[in-house]
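Understanding the architecture of this molecule
Now for the letters of each chain:
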Amino acid sequence: MLRWLRDLPLFVALLALGIAAMYIPMAYAVRLEDWLVARTLFYHTTFLLIIVTLVGIAVSGRPVRNTARTYLVTVFGAFILIPAALALPVDYLMEDISFLQAYFEMLSCFTTTGATLFADPEVVPAPLHLLRAITGWFGGFFMLVIALSIFAPLQIGGFEIFNAARGTSKSTTQIASADGRDRLRRYSAQIFPAYLGVTALLSLGLLVSGDRMLVAVTHAMAILSTSGISPVGGLGGTQSGYLGEAFMLVFFVFAMSRHTFVRDADGAAWRALKDDKELNLALIAVLVIPALLFMRHFSAAYDPSTLETTGNAWSALWGGVFTVASFLTTTGFESQAWGGARDWSGLGTTGLILMGLAVMGGGIATTAGGIKLLRIYALYKHGQREVTRLSHPNSVAGQSLRVRLIRREGAQVAWVFFMLFVVSIAATALALSLTGMNFTDSFVFAIAGLSTTGPLVPAAGTGFIDYGSISDTAKGIFCIAMVLGRLETLAVIAVLNPNYWR
């Protein structure tokens, strides 16, 4: 039996795992004695698992090509069909939405975008909030495994910079062969215990801080998967306060560096954090940007005649640090002090800062979206060298071979991806504007979808606009943007490459 399960095609196994996860919120609904939700989840889950089992029996005797290029198509299909299966009970239980809207909701969770149609979280039953959180958490784990087992041998997802820095191959996105099944097993076994343990540890910290069980578990899953899913509409509805935010801030590091869950791709020992360029770049952003925002608010609100200024100043500084780290990791949680800083000084914070952080993104082989920090670092090193050459044209850089490769071949492929990302933003914004959305909102929606930062829309948008108020056509375009942003442009181009289908 175990061998049969192990030999199932990846897509069937993923679909079975995603569907079986609905038993967890079903059990929670039983505990709450919400029998309608419990029955609905039980019936849908059981029926779908029977269908998947029959499909597994039908395909179990067929040979499977265990290569990374074969699994790339499987990953693409998983992001299309798994949310569709999870949307069936949501469509049945939420009578005011259509199946397309339910699919939008679950695809947003599975891609760790966190965009929700429900502006009021009270209208959603608690078990469905748990289902959304588990879907996002599972989607984050799925991307961690896929990044190491599929994207790494294909040299996409940021690994093209890493391979260029090692100097082992040309920086290219050509599809390569690899034993995908063995890599999937190895990295799944390596990552899952740490991923589950870290989530449980953060949940415990939030419980100790004062949050109730559902809120603590959901927010812990949202932080580790960078989905930003919340059953209370964000951190403003929590009871943990600044202590809970402090716990969350520590765990943002797992979305800033690929060295947190797994070892380096070349099999070397864990690097010291001080040598991790991605983490160093993230720390610079988390320290410098809040400091500049703080000085802006402080200069407008400082009053030496009152002691209240000191408390408001520290609160504003903390709000900036937490919110910047949250949007940099594409999580999208706003600190409870973020709005207080604006009220304190009377100055608003432009949404361009939050959009820029979301576009910058977290580390490669993490659950974060965006361009990724390693690509930003490669472009920075290239720009630094070019500025030096303006003053000293004949100078010879004294850095190591690894650094020279990063700022040459690494910067070249990083620039290619950066331009593809910008073109994707422009195309998505144009498509959204054709549905009747104004330019500013279409731009914000495009960045939110492609960077998988759903909470960016209410945080950086102009006026009162949410995902429920846009048309079904716009929702469909946003769904495409979420998949494109989660899988990255290079992976989609690889799937559509005619050479692959030959």
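Everything numeric here is computed off the predicted structure, so don't read it as measured data.

Calculation criteria
Residues numbered from 1 in each chain as written. Predicted model: local features only at pLDDT ≥ 70, side-chain atom pairs only at ≥ 80, totals over all residues. Heavy atoms only, no water. Helix = DSSP H or I, 4+ residues; strand = E, 2+ residues; numbered from the N terminus. Buried < 20%, exposed > 50% of the residue type's maximum accessible area, 1.4 Å probe, protein only. Contact = heavy atoms within 4.5 Å. Areas by Shrake-Rupley, 256 points an atom, 1.4 Å probe, with all protein chains shown as cover. Phe/Tyr/Trp six-rings, centres within 6.5 Å; stacked < 30°, edge-to-face > 60°. 1 Å grid on protein atoms, 1.4 Å probe; cavity = no way out; pocket = protein on both sides within 12 Å on 5 of 7 lines; lining within 4 Å. Points joined across faces, edges and corners; volume = space filled by probe spheres on them. Patch = residues over 30% accessible without salt bridge, like charges linked within 9 Å, V, L, I, M, F, W, Y side chains within 5 Å. Salt bridge = Lys/Arg side-chain N within 4 Å of Asp/Glu carboxyl O. Polar contact = N/O pair within 3.5 Å; in protein donor to acceptor, adjacent residues only side chain to side chain. Arc of directions from axis to C-beta. pLDDT = per-residue confidence, 0-100. Core = buried A, V, L, I, M, F, W, Y, C linked by side-chain atoms within 4.5 Å. Axes fitted to C-alpha atoms, helices over the stretch in contact; angles between N-to-C directions. Parallel < 35°, antiparallel > 145°, perpendicular 65-115°, else oblique. Left-handed = near helix turned anticlockwise from the far one by under 90°. Lys, Arg positive; Asp, Glu negative; His and termini not counted. Nonpolar A, V, L, I, M, F, W, Y, C, P; charged D, E, K, R; others polar. Expected span 1.5 Å × (residues − 1).

**Considerations on the overall build of the protein**
Helix and strand counts for the protein stand at 22 helices and zero strands. Looking at the protein residue by residue over its 502 residues, the buried ones come to 55%. Partitioning the intrachain contacts of the protein with sequence separation of at least 6 by distance along the chain shows that 72% fall at a separation of at least 24. When the accessible surface of the protein is totalled, it reaches about 21,400 Å², and 65% of it is carbon and sulfur.

**What to know about the packing of aromatic side chains**
For the coordinates displayed, the defined rule picks out 21 aromatic pairs. Geometrically, the ring pair formed by Phe 104 and Tyr 467 is tilted, given 5.9 Å between the ring centres and 45° between the ring planes. On the criterion of sequence distance, the pair formed by Phe 104 in helix H6 (residues 99–110) and Tyr 467 in the loop between helix H19 (456–460) and helix H20 (472–487) is long-range, its members being 363 residues apart. Its relative accessible area of 3% is what places Tyr 467 among the buried residues. Ring geometry for Phe 141 against Tyr 195: centres 5.8 Å apart, planes inclined by 35°, an arrangement best described as tilted. Highlighted residues: Phe 141 in helix H7 (residues 126–154) and Tyr 195 in helix H9 (residues 180–209), separated in sequence by 54 residues. Overall, the relative accessible area of 0% leaves Tyr 195 in the buried class. Through a chain of ring-to-ring contacts, three or more aromatic side chains come together here, namely Phe 79, Phe 110, Phe 138 and Phe 142.

**Points about empty space enclosed by the protein**
Using a probe with the size of a water molecule, rolled over the atoms, empty space left in the structure can be pinpointed. Following the criterion strictly, the structure yields six cavities of 30 Å³ or more and no others. Taken as a whole, the largest cavity holds about 80 Å³ of empty space. Met 143, Ala 147, Phe 151, Gly 157, Phe 159, Ala 365, Thr 366, Ala 368, Lys 372, Arg 486 and Glu 488 are the residues that line the largest cavity. Top contributing element to the lining of the largest cavity by residue count: H7, with three residues.

**A closer look at a nonpolar patch on the surface**
Nonpolar side chains collect at one region of the surface, where Phe 47, Ile 50, Ile 51, Leu 54, Val 55 and Ile 57 lie side by side and expose about 570 Å² of accessible area between them. Residue position: Ile 50 is located in helix H4 (residues 35–59). With relative accessibility at 47%, the residue Ile 50 sits in the partly exposed group.

**A few points about the environment of Glu 105**
Tracing the chain through its elements places Glu 105 in helix H6. Placed 11 residues apart in sequence, Glu 105 and Thr 116 show a C-alpha to C-alpha distance of 5.9 Å. At a separation of 2.9 Å, a polar atom in the side chain of Glu 105 contacts the side chain of Thr 116.

**Focus: helix H11 (residues 241–251)**
Those residues of H11 that fall on the buried side of the exposure criterion are Gly 241, Gly 244, Glu 245, Met 248 and Phe 251. Each buried residue of H11 lies within a common arc of 115° when the element is viewed along its axis, so the set occupies one face.

**Describing the confidence of the model for the protein**
When pLDDT is averaged along the protein, the result is 84, and 81% of the positions lie at 70 or above. Counting contacts from residues 168–178, a segment whose pLDDT is below 50, to residues more than four positions away or on other chains yields 31 contacts. When the criterion is pLDDT under 50, residues 265–269 qualifies, and its contacts beyond four places in sequence or with other chains add up to five contacts.

**Digging into the nonpolar core**
Ranked by internal contacts, the top residues of the largest apolar core, which has 144 residues, are Phe 151, Leu 224, Phe 445, Leu 456 and Tyr 467. Ranked by the residues each element gives to this core, the list is headed by H7, at 19 residues. Each residue touching Phe 445, except ones within four places of it in the same chain, is listed here: Leu 432, Met 437, Val 457, Ile 465, Asp 466, Tyr 467, Ile 470 and Phe 478.

**Considerations on the packing of helix H3 (residues 23–31) against H7**
Two elements in contact, H3 and H7, have axes whose closest approach is 9 Å; the angle formed by their N-to-C orientations is 155°. When the axes of H3 and H7 are compared, the pair comes out roughly antiparallel. Pair H3 / H7 crosses with right-handed handedness. Every residue of H7 that contacts H3 at Ile 24, Pro 25, Tyr 28 and Ala 29 is listed here: Ala 126, Pro 127, Leu 130, Leu 131 and Ile 134.

**Overview of the side chain of Lys 381**
Of note, Lys 381 is situated in helix H16 (residues 373–391). Glu 386 provides the closest opposite charge to the buried, unpaired Lys 381, separated from it by 12 Å. Within the local environment of Lys 381, its side chain forms a polar contact with the side chain of Gln 384, the two groups lying 3.0 Å apart.

**Let's talk about the layout of surface pockets**
Of the voids in this model, the second largest pocket is the one considered here, and its volume is about 620 Å³. For the second largest pocket, the lining is made up of 27 residues, of which Thr 116, Gly 233, Gly 234, Pro 455 and Pro 458 are closest to its centre. Split into classes, the residues belonging to the lining of the second largest pocket amount to 13 nonpolar, 11 polar and three charged.

**Comments concerning H6**
Between its first and last C-alpha, H6 extends 16 Å over 12 residues, near the 16 Å set by a 1.5 Å rise per residue. The buried fraction of H6 amounts to 10 of the 12 residues, a majority that puts the element mostly inside the structure. Among the residues of H6, Gln 101, Ala 102, Tyr 103, Phe 104, Glu 105, Met 106, Leu 107, Ser 108, Cys 109 and Phe 110 are the ones counted as buried. One or two residues past the end of H6 sits Thr 112, with phi positive at roughly 60°.

**Some details on the side chain of Thr 135**
Along the polypeptide, Thr 135 turns up in helix H7. Ignoring sequence-local partners within four residues, the contact set of Thr 135 consists of Leu 86, Met 106, Cys 109 and Phe 110.

**Considerations on unusual backbone geometry**
Trans peptide bonds make up the majority, and among non-glycine residues the majority have a negative phi. Phi at Thr 330 takes a positive value of approximately 60°, unusual for a residue other than glycine. By secondary structure assignment, the location of Thr 330 is in the loop between helix H13 (308–328) and helix H14 (338–345). Despite not being glycine, Ala 365 shows a phi value in the positive range, around 55°. Relative to the assigned elements, Ala 365 resides in the loop between helix H15 (351–360) and H16. Overall, Ala 365 belongs to the buried group, its relative accessible area being 7%.

**Notes on the packing of H6 against H7**
Following both chains from N to C, one finds H6 and H7 inclined at 45°, their axes separated by 7 Å at the closest point. If you check the angle between H6 and H7, you find them oblique. Mapping the contact onto sequence places Glu 105, Met 106, Cys 109 and Phe 110 in H6 and Leu 131, Arg 132, Thr 135, Gly 136, Phe 138, Gly 139 and Phe 142 in H7. Each residue belonging to the contact of H6 with H7 can be placed in one class, and the counts come to six nonpolar, three polar and two charged.

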